[in-house]
There are 4 protein chains.
Amino acid sequence: MNITLSEAEQIVAAAKQKAADINTKMDICVVDSGANLVAFARMDGAWIGSVDIAIKKARTAAWFMMDTKSLSPLVQPGESLFQIEASNGGLITFPGGVALKRDGEVIGAIGVSGSTVEDDHTVATAGASVL
Amino acid sequence: MNITLSEAEQIVAAAKQKAADINTKMDICVVDSGANLVAFARMDGAWIGSVDIAIKKARTAAWFMMDTKSLSPLVQPGESLFQIEASNGGLITFPGGVALKRDGEVIGAIGVSGSTVEDDHTVATAGASVL
Amino acid sequence: MNITLSEAEQIVAAAKQKAADINTKMDICVVDSGANLVAFARMDGAWIGSVDIAIKKARTAAWFMMDTKSLSPLVQPGESLFQIEASNGGLITFPGGVALKRDGEVIGAIGVSGSTVEDDHTVATAGASVL
Amino acid sequence: MNITLSEAEQIVAAAKQKAADINTKMDICVVDSGANLVAFARMDGAWIGSVDIAIKKARTAAWFMMDTKSLSPLVQPGESLFQIEASNGGLITFPGGVALKRDGEVIGAIGVSGSTVEDDHTVATAGASVL
């Protein structure tokens, strides 16, 4: 089962609302379980450099079926996945990518970039809570 | 002057409506005048391979400030721009990318992919007509 | 609002002058607010490897609307943006990229590479001071 | 022997003048004999998509020590170099790249993009005539 565009649009809308509530400007991306783009929005004034980061956060979360923040400790120097970012045309392994699940199954992922990684994760979680 | 997210979302909505009206499933992308992503939507069941094509059509139209179908005759074997697609990380030079203008100035572009190139152009034009 | 070529050329000239004053040879790049190239100069004898670094510094500063040296502490192992360089086809996150502003708005960025990062930043700042 | 920055800047200035004389807006690039960037200028309002094309034209001319228009007939379907554009991260094989020579030796190349290929070649030639 995959996420629908209608669901993805509701997720983006919820993320935009949360971003505005905490006074940030975000790039927001939703991908399906195959890590392929479903919906994207760049809020006015959000960083252009975060377009690619939001997409890569969403894809990373979908590719590994976990939130990107779960990867952060594992990619540090000396840890088991050090330099995994060199794969898949570039991963982003800090917070802001959240797996989207229904009935325990991953049906896609959301990636958010544009503020601190804490804010990014907060907004991504707000989007994911729609499901 | 650049396109706003609100405008881009209205453009995507109009394109989705047109795509449904003519019984197609499309990938739809809107970029700003710097060819950077603003909004994207993949309709349920639309080709995954068209994600990148829709994005490249929009970027090509923004990069050259013209509809992609204007490029098609120029890129044929023996014509002046043959193999221009090798630039900019890949161009798409067939119909479906339409420059978005306000007061004669290019403020972004829409790219549509998922059906025949005629359908793609029709849907892109419907989106662009919102401005 | 975007930087003009005339402004970019004055910025490059000021950066070249500063580079000569401190006895260095630099690669100097100016991009617009969309991170697209406007002007570039490689001083005689400057490192060829710094061509790409100067461009990436300018693009990084434009993409995130901040000086690249603001990113340096955040991208260290264990810090919040560790490995962000895997995005956008490669970022440079050490000093030498400076956002160009007019009336508080980012209108582009300058990137300088060819000496120590302190020298690079000094030269970039001298260029940026033209505005 | 390689082109100097001072020479490259004079070449760019002459190309800009010619571009203005024939009422065009051009992206202009000069590379050295190693195909590495020396100088670049994007005239106000010139296509962003021509940034990469101007650079690739200059590099192609330097890599093969000939004007890009010499390659055009050889890259057509059925001809000997068909699809050579797939090499070197992308070549541009239509007019607008001109080898820069001194005493019969190639010391660099100029690439121009932004109008018809005839105009591009005219402007590149005007730049090259400085030497």
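The following paragraphs examine the structure supplied in this document.

**Details of the pattern of salt bridges**
Then, number 1: In the structure shown here, the tally under the stated rule is 24 salt bridges over all chains.
Then, number 2: Notably, a salt bridge pairs C:Arg42 with C:Asp27, separated by 3.9 Å at the nearest N-O pair. One end of the pair, C:Arg42, is in strand β2 (residues 37-42); the other, C:Asp27, is in strand β1 (residues 27-32), and 15 residues separate them in sequence.
Then, number 3: Overall, C:Arg42 belongs to the buried group, its relative accessible area being 8%.
Then, number 4: Put simply, A:Asp27, A:Arg42 and B:Asp32 are held in one network by salt bridges that share partners.

**What to know about the relation of the copies chain C and chain A**
Then, number 1: Note on the copies: chain C fits chain A at an RMSD of 0.1 Å, the axial shift is 0.3 Å, and the rotation between them is 92°. These values place the two chain copies in the arrangement generated by a four-fold rotation axis. Rotation axis and chain C: the residue whose C-alpha lies nearest the axis is C:Pro77, separated from it by 4.6 Å.
Then, number 2: When the interface residues of chain C are mapped onto chain A, a mere 19% of them again fall at the interface, so the copies present different faces.

**Thoughts on the side chain of B:Gln83**
Then, number 1: Examined against the element boundaries, B:Gln83 turns out to sit in the loop between α3 (68-71) and β3 (97-102).
Then, number 2: Once residues within four sequence positions are removed from consideration, B:Gln83 is found in contact with B:Val75, D:Gln83, D:Glu85 and D:Ile92.

**Here we look at the interface of chain C and chain A**
Then, number 1: Counting residues at the interface gives 16 residues for chain C, matched by 21 residues for chain A.
Then, number 2: At the boundary of chain C and chain A, one finds zero salt bridges.
Then, number 3: At the junction of chain C and chain A, the tally comes to seven residue pairs in polar contact (both at pLDDT 80 or more).
Then, number 4: Within the side of chain C that touches chain A, the residues separate by chemical class into nine nonpolar, seven polar and no charged.

**With respect to the sheet that holds β3(B)**
Then, number 1: Strand order in the open sheet formed by eight strands is β3(A)-β4(A)-β1(A)-β2(A)-β2(B)-β1(B)-β4(B)-β3(B), with antiparallel pairing between adjacent strands. The strands lining the two open edges of the sheet, one partner per strand, are β3 (97-102) of chain A together with β3 of chain B. Put simply, the sheet's adjacent strands are angled 20° from each other on average, direction ignored.
Then, number 2: In terms of strand pairing, β3(B) meets strand β4 (residues 105-113) of chain B through six bridges, oriented antiparallel. Bridge assignment links B:Arg102 to a residue of β4(B), and that residue is B:Glu105.
Then, number 3: Of the strands in this sheet, β1 (27-32), β2 (37-42), β3 and β4 (105-113) of chain A together with β2 (37-42) of chain B touch helix α2 (residues 49-64) of chain A, which is tilted by about 155° from β4(A).
Then, number 4: Of the strands in this sheet, β2 of chain A together with β1 (27-32), β2, β3 and β4 of chain B are in contact with helix α2 (residues 49-64) of chain B, which crosses β4(B) at around 155°.

**Re the packing of aromatic side chains**
Then, number 1: Considering all chains together, one arrives at two aromatic pairs over all chains under this definition.
Then, number 2: Ring centres of A:Trp47 and C:Phe64 lie 5.7 Å apart, and the angle between their planes is 75°; on these two criteria the pair is classed as edge-to-face. Residue A:Trp47 is found in the loop between β2 and α2, and its partner C:Phe64 is found in helix α2 (residues 49-64); the two belong to separate chains.
Then, number 3: You can call A:Trp47 partly exposed: its relative accessible area is 22%.

**Looking at helix α3 (residues 117-128) of chain A**
Residue and element names in this part refer to chain A.
Then, number 1: The terminal C-alpha atoms of α3, which comprises twelve residues, lie 16 Å apart, in line with the 16 Å expected from a rise of 1.5 Å per residue.
Then, number 2: The complete set of buried residues in α3 reads Val 117, Asp 120, His 121, Val 123, Ala 124, Ala 126, Gly 127 and Ala 128.
Then, number 3: Buried positions along α3 lie against α1 (5-21), α2, β3 and β4.

**With respect to the environment of A:Glu85**
Then, number 1: Relative to the helices and strands, A:Glu85 is located in the loop between α2 and β3.
Then, number 2: Taking C-alpha positions, A:Glu85 is 26 Å from A:Ile11, a pair spaced 74 residues apart along the chain.
Then, number 3: If we ignore the near neighbours within four places in the chain, the residues touching A:Glu85 are A:Val75, A:Gly90, A:Leu91, A:Thr93, C:Gln83 and C:Ala86.

**What about the state of the cysteines?**
Then, number 1: In this structure the tally under the stated criterion is zero disulfides over all chains.
Then, number 2: Looking at the unpaired A:Cys29, the closest cysteine sulfur is the one in B:Cys29, lying at 11 Å.
Then, number 3: Accessibility expressed as a relative area gives 0% for B:Cys29, which makes it buried.

**Observations concerning the sheet that holds β1(C)**
Then, number 1: Taken in spatial order, the eight strands line up as β3(C)-β4(C)-β1(C)-β2(C)-β2(D)-β1(D)-β4(D)-β3(D) in an open sheet, and their pairing is antiparallel. Both edges of this open sheet fall to β3 (97-102) of chain C together with β3 (97-102) of chain D, since each of them pairs with a single strand only. Going across the sheet, the axis of each strand differs from the next one's by a mean of 20°, ignoring polarity.
Then, number 2: As paired elements, β2(C) and strand β2 (residues 37-42) of chain D share three bridges and run antiparallel to each other. Within β2(D), the position partnered with C:Phe40 by the bridge is D:Phe40.
Then, number 3: Strands β1, β2, β3 and β4 (105-113) of chain C together with β2 of chain D of the sheet are contacted by helix α1 (residues 5-21) of chain C, whose axis makes an angle of about 25° with β2(C).
Then, number 4: Packed onto the sheet, α2(C) meets β1, β2, β3 and β4 of chain C together with β2 of chain D and runs at close to 155° relative to β4(C).

**A few points about the packing of α1(A) against α3(A)**
Residue and element names in this part refer to chain A.
Then, number 1: Where α1 contacts α3, the axes come no closer than 7 Å and their chain directions differ by 140°. As judged from the angle between their axes, α1 and α3 are oblique. Seen along the crossing, α1 lies across α3 with a hand that is right-handed. Residue-level contacts link Ile 11, Ala 14, Ala 15, Lys 18 and Ala 19 of α1 to Thr 122, Val 123, Ala 126, Gly 127 and Ala 128 of α3.
Then, number 2: Considering only residue class, the contact of α1 with α3 consists of seven nonpolar, two polar and one charged.

**With respect to the pairing of β1(B)**
One face of the sheet, then the other: side chains in a regular strand alternate in exactly this way.
Residues and elements named next belong to chain B.
Then, number 1: Counted residue by residue, β1 has six buried out of six residues, so it is predominantly covered.
Then, number 2: Neither face of β1 is left uncovered, since the one carrying Asp 27, Cys 29 and Val 31 and the one carrying Ile 28, Val 30 and Asp 32 both have all their residues buried.
Then, number 3: As paired elements, β1 and β2 share five bridges and run antiparallel to each other. Each residue of the ladder has a partner; that of Val 30, found in β2, is Ala 39.
Then, number 4: Both β1 and β4 contribute to a ladder of six bridges, which runs antiparallel. Looking at β4, one finds that Cys 29 is bridged to Gly 111.

What counts and how
Residues numbered from 1 in each chain as written. Chains lettered and ligands numbered in written order. Predicted model: local features only at pLDDT ≥ 70, side-chain atom pairs only at ≥ 80, totals over all residues. Heavy atoms only, no water. Salt bridge = Lys/Arg side-chain N within 4 Å of Asp/Glu carboxyl O. Helix = DSSP H or I, 4+ residues; strand = E, 2+ residues; numbered from the N terminus. Buried < 20%, exposed > 50% of the residue type's maximum accessible area, 1.4 Å probe, protein only. Least-squares fit on C-alpha atoms with pLDDT ≥ 70 in both. Contact = heavy atoms within 4.5 Å. Polar contact = N/O pair within 3.5 Å; in protein donor to acceptor, adjacent residues only side chain to side chain. Nonpolar A, V, L, I, M, F, W, Y, C, P; charged D, E, K, R; others polar. Pairing = 2+ DSSP bridges. Axes fitted to C-alpha atoms, helices over the stretch in contact; angles between N-to-C directions. Phe/Tyr/Trp six-rings, centres within 6.5 Å; stacked < 30°, edge-to-face > 60°. Expected span 1.5 Å × (residues − 1). Disulfide = S-S within 2.5 Å. Parallel < 35°, antiparallel > 145°, perpendicular 65-115°, else oblique. Left-handed = near helix turned anticlockwise from the far one by under 90°.

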